[in-house]
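Observations on the model geometry
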Amino acid sequence: MTVTIQPTGISPADVLAVARGTARIVLAPATIDAMATSRAIVAGIEAAGRPVYGVSTGFGALANTFVAPERRAELQHALIRSHAAGVGAPMPREVVRAMMLLRVRSLALGHSGVRPLVAEALVDLLNHDVTPWVPEHGSLGASGDLAPLAHCALVLLGEGWVLGPDGGRMLAADALNRAGLTPVQLAAKEGLALINGTDGMLGMLLLAIHDAAHLFTMADVTAALAIEAMLGSERPFRPELHAIRPHPGQGVSAANIHRLLQDSAVMDSHRDDLAHAVQDAYSMRCAPQVAGAARDTLDFVRTVAARELVSVVDNPVVLPDGQVESTGNFHGAPLGFAADFLAIAAAEVGAIAERRVDRLLDVTRSRDLPAFLSPDAGVNSGLMIAQYTAAGIVAENRRLAAPASVDSLPTSGMQEDHVSMGWAAAKKLRTVLDNLTSLLAVELLAAVRGLQLRAPLTPSPAGRAAVAALGPAAGEPGPDVFLAPVMEAARAVLASPDLRAAIEVELGALG
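Residues numbered from 1 in each chain as written. Predicted model: local features only at pLDDT ≥ 70, side-chain atom pairs only at ≥ 80, totals over all residues. Heavy atoms only, no water.

1. Observations regarding the overall build of the chain
Along the chain, the regular secondary structure elements total 20 helices and 8 strands. In terms of its C-alpha atoms, the chain occupies a principal-axis envelope of roughly 90 × 50 × 40 Å. Across the 511 residues of the chain, 55% fall into the buried class. Put simply, 79% of the contacts in the chain that link residues at least 6 apart link residues at least 24 apart. For the chain, the exposed area adds up to about 20300 Å²; of that, 58% sits on carbon and sulfur atoms. Averaged over its 39 positive side-chain charges, the chain has a centre that lies 1 Å from the centre of its 51 negative ones. (Helix = DSSP H or I, 4+ residues; strand = E, 2+ residues; numbered from the N terminus. Buried < 20%, exposed > 50% of the residue type's maximum accessible area, 1.4 Å probe, protein only. Contact = heavy atoms within 4.5 Å. Areas by Shrake-Rupley, 256 points an atom, 1.4 Å probe, with all protein chains shown as cover. Lys, Arg positive; Asp, Glu negative; His and termini not counted. Charge placed at Lys NZ, Arg CZ, Asp CG, Glu CD.)

Laid out in structure tokens, this is it:
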């Protein structure tokens, strides 16, 4: 696959193809023309000797310090070196690649005043799989993701570190030499254009949107399987009950769960039982209200990310009429708010799943399933401690759901006196979603075990697909086994698209 960078931007699918795949990147001729046009404006400003922020002045609190023409290239190099000040473990390769591609996109919009060769140098790093070592701490989402982007830009200069083949770090100069690439000498404005913007937090948000979409659908699957195993009712998911509260996501989740519960001998076994509970617990009956609200939150976040993908977030920006103006478009508040909102929603999807797990394991509430889903409870503990693990993860997600975007700290001599913390919000969102994967995996395991214990009754097509997918690792109900590998297998099944695909072969596409 080839991703062509146009001066109109790129798509979320392009970001995924580069960040997680092997897509190559090329710059469209129109993109090169747009960058050359804006660069000519910067060259004219330099020739005229006009004072312009970032071109002929210092940065941040040093914006009123004039820089002589002969030192302006030095200024750009010094900026990159001083701003590459992050600490901590390296960010994952996919995050760094997404961030680099989005920085190319930003330059390609033709408002940054850089030479095309600067964007081409970033493209070369991506196409040669040279990934800068970007520490996790350093960005406040103030002038965007300054420190992370500076660590990327430093590699263009032949300095700093890159991720080595073994996951360690190696010198950028050695990596460029191996790839046959030459360091770049920056000109006026170019260093600033490489580091001002929201590319890191936007990259993480786009990856999170993709992951959340899969997880929210799988949350409907695991909820349906748990409800089936607990002899719950399908009636609360009838479409007419959700038409009278027309939240879009709720309707989608309810329709999914209702379809997933059809053609089940387990469900048929109690549908006409007068002794059956009139109302299921909230964690069962209200599953679409919670997962659906999360879906609606995700739709909002998609809208924010789509706007940012076509936004000019550099500072200063070069306008077509030749003006160069300072802006605040680099401020990450829109992305920080969105990431925090999605983290809250995802945390609750996990929390209600854990409540269903607890019901499945509780002999007083699971409707004749054995305690902790063990056929020989007492000597054996079944899935008792798997639920402990889920409870601990729910508690962590609740801590992570506290918004980062309200936690501004002033910097740069009070010049940057309000910051977004968007990088932190997006980074912890990724952790929440990773935790949600584990929580839904525990529910999947518990539901599969519950359905196995309902034998000889045959589960729904979704239940049969889940048992087939997890059965090789989980085995049949029996004496306790080393559970961690089984939970890892459940997590792999949950994260993969294969189980959903198998279910959709039987039922058609899920919402």
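2. Focus on the packing of aromatic side chains
How two aromatic rings sit relative to each other is set out by the distance from centre to centre and by the angle between their planes. Tallied over the entire structure, the rule returns 2 aromatic pairs. On the basis of an interplanar angle of 55 degrees and a centroid distance of 6.0 Å, the ring pair of Phe300 and Phe341 is categorised as tilted. A residue pair is termed long-range when its members are at least 10 positions apart, and Phe300 in helix α14 (residues 287-309) and Phe341 in helix α15 (residues 333-361) qualify at 41 residues. For Phe341, a relative accessible area of 38% corresponds to the partly exposed category. The aromatic ring of Trp133 is capped on one face by Arg169, whose charged end is 5.1 Å from the ring centroid. Over the aromatic face of Trp161 sits the side chain of Arg169, whose NZ or CZ is 3.5 Å from the ring centroid. (Phe/Tyr/Trp six-rings, centres within 6.5 Å; stacked < 30°, edge-to-face > 60°. Lys NZ or Arg CZ within 6 Å of the ring centre and 35° of its normal.)

3. Overview of the pattern of salt bridges
Enumeration over the complete set of coordinates arrives at 27 salt bridges. Among the salt bridges present, the one from Asp211 reaches Arg20, with a minimum N-O distance of 2.9 Å. With a gap of 191 residues between them, Asp211 in helix α9 (residues 199-229) and Arg20 in the loop between α1 (12-19) and β2 (24-27) connect regions that are remote in the sequence. Assessed through its relative accessible area of 35%, Arg20 is described here as partly exposed. With a closest N to O distance of 3.6 Å, Asp129 and Arg97 form a salt bridge. Of the two residues, Asp129 sits in the loop between α5 (116-127) and β4 (135-137) while Arg97 sits in helix α4 (residues 93-108), which places them 32 residues apart along the sequence. Linked through salt bridges whose partners overlap, the residues forming this network are Glu354, Arg355, Asp358, Asp362 and Arg365. (Salt bridge = Lys/Arg side-chain N within 4 Å of Asp/Glu carboxyl O.)

4. Overview of the packing of helix α17 (residues 422-453) against helix α18 (residues 461-474)
α18 packs onto α17 with a crossing angle of 100 degrees between their chain directions and a minimal axis gap of 9 Å. Relative to α18, α17 is oriented roughly perpendicular. The residues of α18 that touch α17, namely those facing Leu444, Leu445, Val448, Arg449, Leu451 and Gln452, are Gly463, Ala466, Val467, Leu470 and Ala474. Residues belonging to the contact of α17 with α18 are distributed by class as follows: 8 nonpolar, 2 polar and 1 charged. (Axes fitted to C-alpha atoms, helices over the stretch in contact; angles between N-to-C directions. Parallel < 35°, antiparallel > 145°, perpendicular 65-115°, else oblique. Nonpolar A, V, L, I, M, F, W, Y, C, P; charged D, E, K, R; others polar.)

5. Digging into unusual backbone geometry
The omega torsion of the bond from Asn315 to Pro316 falls at -5 degrees, within 30 degrees of zero and hence cis. In this chain, Ala455 is followed by Pro456 through a cis amide linkage whose omega measures 15 degrees. Positive phi, close to 55 degrees, is recorded for Phe372, a residue that is not glycine. Inspection of the secondary structure puts Phe372 in the loop between α15 and α16 (384-400). Relative accessible area serves as the criterion here: at 30%, Phe372 is assigned to the partly exposed category.

6. Here we look at the environment of Glu240
Looking at the secondary structure, you find Glu240 in helix α10 (residues 239-243). Assessed through its relative accessible area of 39%, Glu240 is described here as partly exposed. On a C-alpha basis, the gap between Glu240 and Gly251 in space is 9.5 Å, while along the polypeptide they are 11 residues apart. Engagement of the side chain of Glu240 in a polar contact is seen with the side chain of Arg238, the distance being 2.4 Å. (Polar contact = N/O pair within 3.5 Å; in protein donor to acceptor, adjacent residues only side chain to side chain.)

7. Describing helix α3 (residues 72-83)
Because the α-helix completes a turn every 3.6 residues, residues three or four places apart line up on one side. With 12 residues, α3 extends 17 Å from end C-alpha to end C-alpha; this agrees with the ideal 16 Å at 1.5 Å per step. All of the buried residues along α3 are Arg72, Leu75, Gln76, His77, Leu79 and Ile80. Where α3 is buried, its residues contact α2 (29-48), α6 (146-156) and α8 (190-195). (Expected span 1.5 Å × (residues − 1).)

8. Section: the pairing of strand β1 (residues 2-5)
Side-chain alternation along β1 places Val3 and Ile5 on a buried face and Thr2 and Thr4 on a face that remains uncovered. By the bridge criterion, 4 bridges tie β1 to β2 in an arrangement that is parallel. Bridged to Thr4 within β2 is Val26. After leaving β1, the chain enters α1 and then returns to the sheet as β2, a path that is right-handed. (Pairing = 2+ DSSP bridges. Right-handed = clockwise from strand over helix to strand, strands pointing away.)

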